[in-house]
Structures are given as structure tokens and as C-alpha cells.
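Architecture and fold: a report
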Amino acid sequence: MRQLKPCLILTGIALLLVACGGGGGSGSSSSSSGGANNVAPVANAGPAQTVNSGATVTLNGSASSDSDGSVAAYAWSQTGGATVSLSNASAVQPTFPAPVSAAVATLTFSLVVTDNRGARSAASTVNITVNPAVNVAPTANAGASQTVGAAELVTLSGSASSDPDGSIASYAWTQTAGTAVTLLTPSDAMPTFVAPLVSTTTTLTFSLLVTDNQGAPSGAATVNVTVNPLVASTSVVNGRVTFGRVRFASGNTNAGLDYGSPVQQPARRVVVQAIASPTGALVASGTTDDDGNYSLVVPNNTSMAIQVLARMQRDGAAPLPHWNIEVKNGVTATSPYGYSDNATFNSGTGTTTRNFAIPTAISGSGTLQGTARHSGPFAILDTIYTSMQAVLRVAPTTSFPDLYVDWGAQASGTFFTRANGAHIALLSDLTEDTDEFDQHVIAHEFGHYIESFFSRADSIGGSHALGERLDPRVAFGEGFGYAFAAIVLDDPLARDSYVNSGQFVSSGFNVEGNPAGTNGCWCSESSVFSILYDLYDDAPDANDNLALGFQPIWNVLADSQRTTPAFTTIFSFIAALKAEQPASANAINTLVAAQNIDATNIDLFASTETHFPPNVPQPGALPVYTNATIGAAIPALRSVNDAGYANKLSNRRFVRFDVASTRNVTITLSTSNPSANRDPDFLVWKNGAFVRDGTDPPTEYPETETFEVTPGTYVVEIFDCANGCLPTEPADGAGSGDYDLTLTIN
């Protein structure tokens, strides 16, 4: 038993010393206020500052002092003004982005310091005055001068207009000289008009004014269009093309398509051809405008028919933007769908008008009338064109890679793929499920195309459903697809029609709906689409006070998300968005945190994430990424099937490692799966690019690969095939369970 020494107590008039055994010195007592002899420190929050909106502000507490010791801790808090997010409230010099303000605003901060003996100072305050941002006016660019023929469809182009500190919000075209024409959509970047029939060469002049996202107008830019008379022995065929769209029946949101009440809508930007009869030779070709109008110059007195193709085309001969999109039946089909009334006519010597109202060819009861559903391909194209216009509003010089839609005989599902040429596959079975009039379905798949070509899509694909706990790459990809459709269609109600027991019905959900309670998760497509749509829209709801529009979302997709060394997930997206929109950081935090995601300290590798869903235990869900060092031990990671298999949460686990110089590495993976056919696999990625795989058959065990790596950050996804292999037959998934994966990197 330890002997305790008695304490020696010395008392004096003003001094009490207490010394107990165990050392050669004496100690002095102190309380939370620093003790009787400790002088409290003095906080100094620094001088007042005046800054501009959007600037990075540094608070400065370095002048704080302690006369008989040192300052040990700093505690900053905001006491006035628009709420901002401090980088570190316990730092000597924390930073924050000055909020964007339309008027002069004042922010107030308080600093309390604590000394090395625990005494706290009185508060010191500092005011930060934020001036409104100085907006630089945009510059209008009306495009290059053009020379065209009479009766040609002319497209003006303001897509090269620019704004150095924001984006173009609106366009305003007017004609200022020449024979008067009718500009279609003069408030768009690319309005059109039909060149007038003139007897001599005539110059038309147009003026463009643009306004930026902060309301500043540009100066005027002008462009001349020279119109030449018709060539002798030519005439004009013009008209308007519309197509029949079938809409959802009115009533409840589960109502199906109302085939009995189709509406005619303009067939926008589709190819129209004049075909000689009976030879079938191409006489002339053009495209419709945004109201479905077309105009073709053809030889006089020629027998011909008009054909409308399910193709939208704007090629390299025209200024950006460009596109070439068509709808056809099958990946091997060489031509798109087309429509013609097969009526031949003689072009004569003047102007002939031929209008087309493309029918659905579907009866009110939903059965095919004839041999083809004529308007379906044009309805598909029109939804894609609407989606393209939303992209062009934020990126007006976009060149869209070639795309086709496979709609007809294919029955393998609805999806986007870059295999066999970039294409969207849609269903077409009238008796079960057909997609041509389901605009959210089409726009969703077009969103995958956009993510694939203009951002980066790391999703491994596979089946998914609302409420499932998904691989975070799948959750982001599918969530983005739903949000993109809602944004471009300006409609958060997603609907999908189908046939159930002979009845036309639909299923749907509101993209703006926020999963509640434990349903919110970084592994949920519902959380992703609700966050992305709330970032965009201007309708506030619970935890949503943001209205950023599509521009910031596009900026992140096309830049940081495209190049992130992590996988593309909600973590990489939100971390980049907060850097893109520092003045909105607090509002973004509130929105994202409501979905059980650590938003305040979020980073692309989810290093601070602590949430895991109830049905997937923590060892299987966290950490999202495990940091590894070459040559060091890596803890076993658990691959689980608690949320399902193939592409669900924690079927695959992620390991990150960094390389400082070019060298060889050896990666080895084993599993606790006791099956004789156990099959651990891994894939190695760098900035989204595939580097190496270890996917040998079970006879090669453990899975081992040696290869060269160059400096940078790598991510290894590891999985037991029983859990993580995508299904190819009904038996796949047999043997799935919870297995420990042991990875070494040497």
C-alpha cells in the first residue's frame, strides 16, 4: 500500500501555499479565472476592414496579449450581419468569404481569448464593412456576317457574347436595316428568320444587346446578313411541321397517357428534304426553326415529295453550337425514322406551301393504327432539344457529340451507353411500357449523356430504385439524372407511364421532395436529386434558402467534378460547389446536412463523414475512403450485402493512396469468403481514368498485380465478386454475404 506524505501548510497574511509530496518544487493553485495572481489576457479582434463582396476576409486576433503569460486559445463568433462560415473559429486568423450583397452591409465578430493558466478575456469586437460587388458589364457578340440566298432559313448567333464576372442572362435582338423580316425567338442566343425574296442583293442589319446575371446591359453589337436573289430557274417550297404529342391524362398523378387527346407541337430543328419523284434523288435539304417552319429552294417545274427526318443536325459549317442527333430502330440501322405523306407535286415557278401535321397513329384506346407510330421519334427529339436548350443557356458554344436514340425493337430496358456509338435506348411496347412521350425518362437518360461527355460519370450502373442504399457513385449518377430532367423541363414531378392489367397508368415522385429522418444519405439517389434540385430552384422549402440556378451546377460539373481525383459522388460535387459559391456556403451546409451528410467540413474524399444508414452497419459503410500508405498495413475492409448486391452500398470499398515518384507497386487482395470459388477483385483508377485491374478467375488466388504508377492520387475499389460483380444471369448474387477484404500495397 502506497504511503501518502502529509502536506506542509504555510500560512501568511496574504499568501497560502500548499505543497504536497511527490516533487522537488512547489505549485500554485489556479481557478478557471486564472487564480488570484493571474492577470486576465486582453483580446484584440483587429482593426475594422472594408472589403468587396466575394473577397476572402481574414480576421486578425494576433494583437491579443497576456501580461503575465501567453494566449493559449482563441474563440471567434459572429454577432451581427449576414451569416458567414468561418474557416476555423479557434484560429488566430480565421478566414471567410464576404457575402454577395446588393448594398453596403456590416458584419460584426467577437473574439474571446484564454491564457495559459485558464483565464478568459473580455470580448473584443470588430466590424467588417462589405461593399457591393462591382459588376463588369457583359460584351455582346452578334456573330460573323453571312451571305445567304433568298428563302433560306437564317440563324443569327449571339453565342460568343461573354461576361467576365458572371454569365449572360438574356439576349435582345432587333433588326435595324434592310427589308423587314420576322425574327423568331428574338430573346434567344440564336434566333432565326427566313431570308426575304429579293430581286437584287440586299443587306439586312441586326443589333444585339445582352444582359448579365446581375442586370448589367452590354453595348450594342451588329451583324450584316447579305441576301442574294433566287438563282434563275429555282422556286421555293415552304411550310410548317408539327407532331402529335400524347400527354398524361388529367386527374391524379398516377393517371396514364391520354391517347385520345394528342396535341400538335412544332417539330423543332428537324431535317426536311425534297425528294425527286420517281428517281428518289435528293433535291434540297434544310431544317425547321423553333416554330417548325422550313423553307427549301428547289428547281422549277420538278416533281417531288417532302420527307421529314427524325434527325436534328447543325454541323461544322455553322458557328457553334453543333449537334447531330437522330432516332432510329436498332444500333445497326443506317437511317433515322422519317415521315412523308407520299404526295408528289410540281414545284412550279413560284412558292409552294406544304404543311405537315405528323399523327401519332395511335387510337384513343392505345392501339396502333397502321404500321408505324409516326410522331413518336419526333416527340423524343423534341424533349432532347428542350434539354439541349437548357445547357446552351449556360454554355452557349457547346458542341454536342453525335447521339442516336434506339427506339423500336429493343426491349432490354431504358439506359444510356457509349457502346456501339453513344446512344439512348428507350422502350416502345405499347402494351407494356413505352417511353416516347415520357419526357422525364428521356431527359434523365440525356442527363447521363451530358454527365458522360461534359463532366465525368463514375457510376457502375445497374438497377436502382427509390429508397435503396446505393454505391455512392450510382447514387450521384442517378440522382443527377433525375435532377437534370426536372431542371431542363422546369417540372419537379417525374412521371413514367406504363400499362397495368390493360390500364394506362403512371408512377412518379416529386424531385423536390426531401427524404426525411434516417432516409437521407450520401448513398441515396433521392438525397442527391433533392439537393441538386433545391440548389437550382427558387421555391424555398425546409432547409432550402438557395436559388443558384443551373449555371453554378454546370460550372462544377464541367470543371472540378470532371477532374476530381476522387470518384464522382455527392462529396466531390458539394466540396467543389462550396468553393465555387463561397458566399452561399452556409446555406449549402444547411441543405446538405438535412440529408445526414457532414456538410460543414465536407471534402471530396468524405474524410469527415460519420453517418451510415440503419441497414448497413458502420464497419461496412465507413470510412467511405480508407487512406493507405504504400508498404504500411491496411485494416481489413468489410464487403457486405446488407443493402443488396452488385451496385449497392458497401458491395465495393474504396482505398486511396498517393504516389510521390514513378515506381512499381504490387497490389494483393484476399477475402474471408470460405467458398472454394471465392473471387476477390480490384480496379485501380487515377483521376477517373482506368489504370489496372485485378479480376482474374477464382483459380488465381489471392488476386495480385504488379504495375508501374506515376506521381498522383490513386483510388482502388475492392470487392468480393459474390457481392460486387454486376449480374449477368439470375444465379448471380448467390453466396453473397459479409466478407473481410485484406489489401496490401507494396
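Everything below is about the structure shown above.
Below: a short report on this structure. (Residues numbered from 1 in each chain as written. Predicted model: local features only at pLDDT ≥ 70, side-chain atom pairs only at ≥ 80, totals over all residues. Heavy atoms only, no water.)

1. A word on the state of the cysteines
The final tally for this structure, using the stated rule, is two disulfides. Shown here is the disulfide that connects Cys521 with Cys523, its sulfur atoms set 2.2 Å apart. The sign of the S-S torsion, about 115°, decides the handedness of the disulfide formed by Cys521 and Cys523: right-handed. Take Cys521 and Cys523: they sit in the same class, and that class is buried. Linked covalently through their sulfurs, Cys721 and Cys725 form a disulfide whose S-S length is 1.8 Å. (Disulfide = S-S within 2.5 Å. Buried < 20%, exposed > 50% of the residue type's maximum accessible area, 1.4 Å probe, protein only.)

2. Observations regarding the nonpolar core
Side chains of nonpolar character tend, in soluble globular proteins, to be buried together. Core analysis: the largest hydrophobic core is formed by 137 residues, its most contacted members being Phe206, Phe400, Phe446, Trp522, Leu535, Phe573 and Ile574. When residues in this core are grouped by element, the largest group, 11 residues, is from helix H1 (residues 376-394). In this structure Phe446 touches Ile384, Ser387, Met388, Phe400, Leu403, Ile424 and Phe484, once residues within four positions along its chain are discounted. (Core = buried A, V, L, I, M, F, W, Y, C linked by side-chain atoms within 4.5 Å. Helix = DSSP H or I, 4+ residues; strand = E, 2+ residues; numbered from the N terminus. Contact = heavy atoms within 4.5 Å.)

3. Digging into helix H7 (residues 570-580)
For H7, the buried fraction is high: eight of the 11 residues fall into the buried class. Those residues of H7 that sit buried are Ile570, Phe571, Ser572, Phe573, Ile574, Ala576, Leu577 and Lys578. Buried residues belonging to H7 abut helix H3 (472-489), helix H4 (525-536), helix H5 (550-558), helix H6 (560-563) and helix H8 (585-593). Sitting at the head of H7, Thr569 places a side-chain oxygen 3.1 Å from the backbone nitrogen of Phe571. (Polar contact = N/O pair within 3.5 Å; in protein donor to acceptor, adjacent residues only side chain to side chain.)

4. Regarding unusual backbone geometry
Cis geometry marks the peptide bond from Ser277 to Pro278, where omega comes out at 10°. On the secondary structure map, Pro278 appears in the loop between strand S17 (270-276) and strand S18 (282-287). Here the amide bond leading from Tyr701 into Pro702 is cis, since omega sits at -5°, within 30 degrees of zero. The residue Pro702 is located in the loop between strand S38 (689-694) and strand S39 (703-709) in this model. Despite not being glycine, Ala151 has its phi angle at roughly 75°, a positive value. Checked against the element boundaries, Ala151 lands in the loop between strand S9 (146-149) and strand S10 (153-155). Overall, the relative accessible area of 4% leaves Ala151 in the buried class. For Ser233, which is not glycine, the phi torsion reads 70° and is therefore positive. You can see Ser233 is positioned in the loop between strand S14 (221-228) and strand S15 (234-245).

Read these as spatial facts, not as claims about activity.
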